[in-house]
Amino acid sequence: MRLMALMALSAALLSFATLAEATQPRIVSADGSITETVYALEAQGSLVGVDTTSNYPAQVQSLPKVGYLRALPFEGVLSLRPDVLLTTVEAAPNKTLERLSQAGVDVIKLPVARSPADTMARIREVGRILGKQAQASAIIDDIRTRVERISLASEGNSVRVLFLMAAGNHGVMIAGEDTAADALLKALGASNAMAEVAGYKPANREALLASRPDAIVVAESRPGQFDIAQWPQLAALDAWRQGRHYVGDSMLLLGFGPRLPQAMEEVASMLAQVGQVASNDH
């Protein structure tokens, strides 16, 4: 009797698991940071496709790609039979999003994150959507603790940072105000050496020389994309010559996703080494 009861229980559990899998929503994620969040919440089993900005973690490479977040193709997304398109307000074109909605896809557009608070709020919302509230709360608690520690250590930071974006075919861009790069510097208590620039602008010799940064941060859209040998004017700056620079992955630095504390910690570590120099120079 005991064996029969155990067999019946096993069958019931198997039936429940099969039902859960059958009702699991099919999700296409069209934003690299949201994709990272889905993985951080251990909900990747729902993913059936991602956009081309989704390149972390490595496992995501095995999923079908539906195109670029700002140029989503209707047929490419619909062919994956998603129940949900999880993206941000940056997704485009609107016509594609409207057609997907009309075809029965639940199009969810989340706000763009530009602060640690935004990041935590977005993780909480993705957790709610995916039924992973407990996992989301644990991630948020970790982010809050680490960000508070970084903020405390960065108090009084007066470092001027030149932030550059190595953006593939777009070349090297200077990051000014109203950018994710500027938002990261604000979160670290640092100042943007090109604050008078709005958005991202092509880098030029005069602007680089006039920036007089204490430190330089370069975000690469692909590893090894930035080649300092092609930028002698940048290499001539004291900040570069004296090793006060950091080159890192653009999604890590600019995504404001679950890895935000890591991005802040790595840049803050470099800035801490130049803080005293900045205090003496300005």
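Residues numbered from 1 in each chain as written. Predicted model: local features only at pLDDT ≥ 70, side-chain atom pairs only at ≥ 80, totals over all residues. Heavy atoms only, no water.

Any chance you could explain the layout of surface pockets here in plain terms?
Computed from the structure, the largest pocket encloses a volume of approximately 860 Å³. By residue number, the principal contributor to the lining of the largest pocket is helix α11 (residues 250–254), which donates three residues. Counted by class, the lining of the largest pocket contains eleven nonpolar, ten polar and six charged residues. (1 Å grid on protein atoms, 1.4 Å probe; cavity = no way out; pocket = protein on both sides within 12 Å on 5 of 7 lines; lining within 4 Å. Points joined across faces, edges and corners; volume = space filled by probe spheres on them. Helix = DSSP H or I, 4+ residues; strand = E, 2+ residues; numbered from the N terminus. Nonpolar A, V, L, I, M, F, W, Y, C, P; charged D, E, K, R; others polar.)

I tried to follow the packing of helix α5 (residues 116–130) against helix α6 (residues 133–153) on my own but got confused; where do I start?
Any two packed helices are characterised by how steeply their axes cross, that is the angle between the axes, and by the distance between the axes. At a closest axis distance of 8 Å, the pairing of α5 and α6 adopts a crossing angle of 170°. Taken as axis vectors, α5 and α6 run roughly antiparallel relative to one another. Two secondary-structure elements touch here, α5 through P116, T119, M120, I123, R124, G127 and R128 and α6 through Q133, A136, S137, I139, I140, I143, R144 and V147. Residue composition of the contact of α5 with α6, grouped by class: eight nonpolar, four polar and three charged. (Axes fitted to C-alpha atoms, helices over the stretch in contact; angles between N-to-C directions. Parallel < 35°, antiparallel > 145°, perpendicular 65-115°, else oblique. Contact = heavy atoms within 4.5 Å.)

Is there a simple way to explain the pattern of salt bridges in this structure?
It is possible for side chains bearing opposite charge to pair when their charged atoms get close. Here the structure, examined in full by the defined rule, presents ten salt bridges. Notably, a salt bridge pairs R144 with D141, separated by 3.4 Å at the nearest N-O pair. Of this pair, R144 and D141 both sit in helix α6, three residues apart, roughly one helical turn. A relative accessible area of 34% places R144 in the partly exposed class. Given a relative accessible area of 45%, D141 falls into the partly exposed group. Residue R241 pairs with D238 through a salt bridge whose shortest N-O separation is 2.2 Å. (Salt bridge = Lys/Arg side-chain N within 4 Å of Asp/Glu carboxyl O. Buried < 20%, exposed > 50% of the residue type's maximum accessible area, 1.4 Å probe, protein only.)

Honestly, the packing of aromatic side chains in this entry has me stumped. Any pointers?
Any aromatic ring pair is given by two values, namely how distant the centres are and how the planes are angled relative to each other. One pass over the full model with this rule turns up one aromatic pair. R259 extends its terminal NZ or CZ atom over the ring of Y56, reaching a point 3.6 Å from the ring centre. (Phe/Tyr/Trp six-rings, centres within 6.5 Å; stacked < 30°, edge-to-face > 60°. Lys NZ or Arg CZ within 6 Å of the ring centre and 35° of its normal.)

How should the pairing of strand β6 (residues 172–175) be read in this particular structure?
Residues in a regular strand point their side chains to alternate faces of the sheet. Where burial is concerned, the two faces of β6 agree: the one with V172 and I174 and the one with M173 and A175 are both buried. Bridging between strand β5 (residues 160–166) and β6 involves three bridges; their strand directions are antiparallel. Within β6, the residue paired with L164 across the bridge is I174. Of the strand pairs in this sheet, β6 and strand β8 (residues 200–202) are connected by three bridges, and their pairing is antiparallel. Looking at β8, one finds that I174 is bridged to K201. (Pairing = 2+ DSSP bridges.)

Help me understand the confidence of the model for the chain in this model?
Should pLDDT be low for a region, the predicted coordinates there are not to be read in detail. Summarising the model, the chain shows a mean pLDDT of 89, and 88% of its residues fall at 70 or more. Every residue in residues 1–22 is under pLDDT 50, and counting partners more than four places away or in other chains gives zero contacts. (pLDDT = per-residue confidence, 0-100.)

Can you help me understand α6 in this one?
Two residues of an α-helix separated by three or four positions point the same way, owing to the 3.6 residues in each turn. Between its first and last C-alpha atoms α6 spans 30 Å; for 21 residues at 1.5 Å apiece the expected length is 30 Å, and the two agree. What α6 keeps buried is the set A136, I139, I140, I143, V147 and I150. One face of α6 carries all of its buried residues, which in axial projection span an arc of 100°. Projecting away from the buried face of α6 at angles above 90 degrees are the exposed residues A134, E148, L152 and A153. (Expected span 1.5 Å × (residues − 1). Arc of directions from axis to C-beta.)

Honestly, the nonpolar core in this entry has me stumped. Any pointers?
Within soluble globular proteins, side chains that are nonpolar generally end up buried alongside one another. Grouped together as the largest cluster of nonpolar side chains are 56 residues, with contacts concentrated most on L86, F163, L253 and L271. Sorting elements by how many residues they give to this core places helix α12 (residues 260–281) first, with eight residues. Ranked by size, the runner-up nonpolar core spans 18 residues in total, among them M194, A207, W231 and L237. (Core = buried A, V, L, I, M, F, W, Y, C linked by side-chain atoms within 4.5 Å.)

Hey, could you run me through the environment of V161 in this one?
Within the secondary structure, V161 is located in strand β5. With a relative accessible area of 0%, V161 lands in the buried category. Distance in space between the C-alpha atoms of V161 and A195 is 9.9 Å, their sequence separation being 34 residues. Each residue touching V161, except ones within four places of it in the same chain, is listed here: L185, A190, S191, N192, A193, P213, A215, V217 and L271.

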